[in-house]
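# Close look at the chain arrangement
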Amino acid sequence: MTTIRRFCCNDLLRFTSVNLDHLTETFNMSFYMTYLARWPDYFHVAEAPGNRIMGYIMGKVEGQGECWHGHVTAVTVAPEYRRQQLAKKLMNLLEDISDNIDKAYFVDLFVRASNTPAIKMYEKLGYVIYRRVLRYYSGEEDGLDMRKALSRDVEKKSIIPLKRPITPDELEYD
């Protein structure tokens with residue numbers, strides 16, 4: 001049985017195998033610690049029996065006014081645990097927190113333009129491509145900014161796609 005719980009400091013020493021996927025962005029320890037300290041409600045782990053980490057989601061809440069939103073910084077599931085809807089469960093958890101606790105207007109995420117399986121999964125979860133960010137990943141590959149409107153955005157203004165691509169320096173938030 002899978003347990004989804006808040007990420008804790010000890011997990012930082014146990015989740016390396018989940019990050020081995022070449023499409024998973026990895027960060028330094030201080031980056032993870034910052035998220036754990038500032039946005040603990042947005043950092044969860046899926047754990048298998050025997051305490052094996054199956055996947056995790058890390059995010060935050062940011063913005064102002066109608067741009068107040070939840071952000072998925074990373075979501076990943078170890079290859080041996082994929083196709084069990086773990087990513088969907090983790091995404092739903094972050095969306096629920098953004099919607100019901102932080103009263104955000106939308107949730108957004110960035111995904112490599114070449115990561116077709118992830119894009120299709122996000123679309124099945126209700127995300128739309130809001131805009132393309134040129135050379136977002138290491139100055140080489142474009143990223144897609146995908147968004148899903150939450151209940152506070154009654155008119156769904158947050159997901160009206162931009163007509164032109166942008167560059168990373170035009171992004172509103174880091």
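Residues numbered from 1 in each chain as written. Predicted model: local features only at pLDDT ≥ 70, side-chain atom pairs only at ≥ 80, totals over all residues. Heavy atoms only, no water.

The subject of this paragraph is the UniProt feature "domain: N-acetyltransferase" (unreviewed entry) in the chain. Mapped onto the present numbering, the UniProt feature "domain: N-acetyltransferase" (unreviewed entry) falls on residues 2-151. Along residues 2-151 the backbone is 23% helical and 37% strand, and the end-to-end C-alpha distance reaches 28 Å. (UniProt positions renumbered as here; feature names shortened; annotations may be inferred. Helix = DSSP H or I, 4+ residues; strand = E, 2+ residues; numbered from the N terminus.)

This paragraph deals with the pattern of salt bridges. If charged atoms from side chains of opposite charge come close, those side chains can pair. All told, the structure shown has 14 salt bridges when counted by the stated rule. Of the charged contacts, one joins R14 and D11 as a salt bridge, the two residues approaching to 3.1 Å between their closest N and O atoms. R14 gets classed as partly exposed once you look at its relative accessible area, which sits at 33%. A residue is classified by how much of its surface remains accessible, and D11, at 1% relative accessible area, is buried. The residue E66 makes a salt bridge to K157 at a minimum N-O spacing of 3.6 Å. Taken together, the residues E66 in the loop between β3 (52-62) and β4 (69-77) and K157 in the segment after β7 (141-149) connect sequence positions 91 residues apart. A single salt-bridge network, built from bridges that share partners, covers R5, D11, R14 and E47. (Salt bridge = Lys/Arg side-chain N within 4 Å of Asp/Glu carboxyl O. Buried < 20%, exposed > 50% of the residue type's maximum accessible area, 1.4 Å probe, protein only.)

Inspection of the secondary structure puts E123 in helix α3 (residues 116-124). For the pair formed by E123 and R147, sequence separation is 24 residues and the distance between their alpha carbons is 9.5 Å. Once you skip the residues sitting within four places of it in the chain, E123 turns out to touch I129 and M146. (Contact = heavy atoms within 4.5 Å.)

With that settled, the discussion passes to the nonpolar core. Soluble globular proteins: nonpolar side chains tend toward being buried together. Grouped together as the largest cluster of nonpolar side chains are 43 residues, with contacts concentrated most on Y56, M91 and Y122. Mapped onto this core, the elements with two or more residues apiece are α1 (29-38), β2 (43-48), β3, β4, α2 (86-101), β5 (106-112), α3 and β7. If near-sequence neighbours (up to four positions away) are discounted, Y122 is found in contact with V75, M91, L109, V111, Y127 and M146. One finds F110, Y137, I166 and L171 within the second-largest nonpolar core, a separate group that totals five residues. (Core = buried A, V, L, I, M, F, W, Y, C linked by side-chain atoms within 4.5 Å.)

Bridging between strand β6 (residues 128-137) and β7 involves six bridges; their strand directions are antiparallel. The residue bridging I129 from the neighbouring strand is M146, located in β7. Counting the residues that bridge the hairpin from β6 to β7 gives three residues, and of these S138 lies at a positive phi of roughly 55 degrees. (Pairing = 2+ DSSP bridges.)

Our next topic: α1. Looking at α1, one finds that the buried residues are Y32, Y35 and L36. Each buried residue of α1 sits inside an arc of 100 degrees when the element is viewed along its axis, so together they form one side. In α1, the exposed positions angled more than 90 degrees off the buried face are occupied by A37 and R38. Those residues of α1 hidden inside the fold are in contact with β2, β3 and β4. (Arc of directions from axis to C-beta.)

Now for unusual backbone geometry. We note that K103 has phi near 55 degrees; this positive angle belongs to a residue other than glycine. Structurally, K103 can be placed in the loop between α2 and β5. Phi at K156 is positive, roughly 60 degrees, even though this residue is not glycine. Mapped onto the elements of the fold, K156 is located in the segment after β7.

As for its placement among the helices and strands, Y56 is situated in strand β3. Residue Y56 is classed as buried on the basis of its relative accessible area, which comes to 0%. Remark: the alpha-carbon pair of Y56 and Y130, spanning 74 residues in sequence, is separated by 24 Å.

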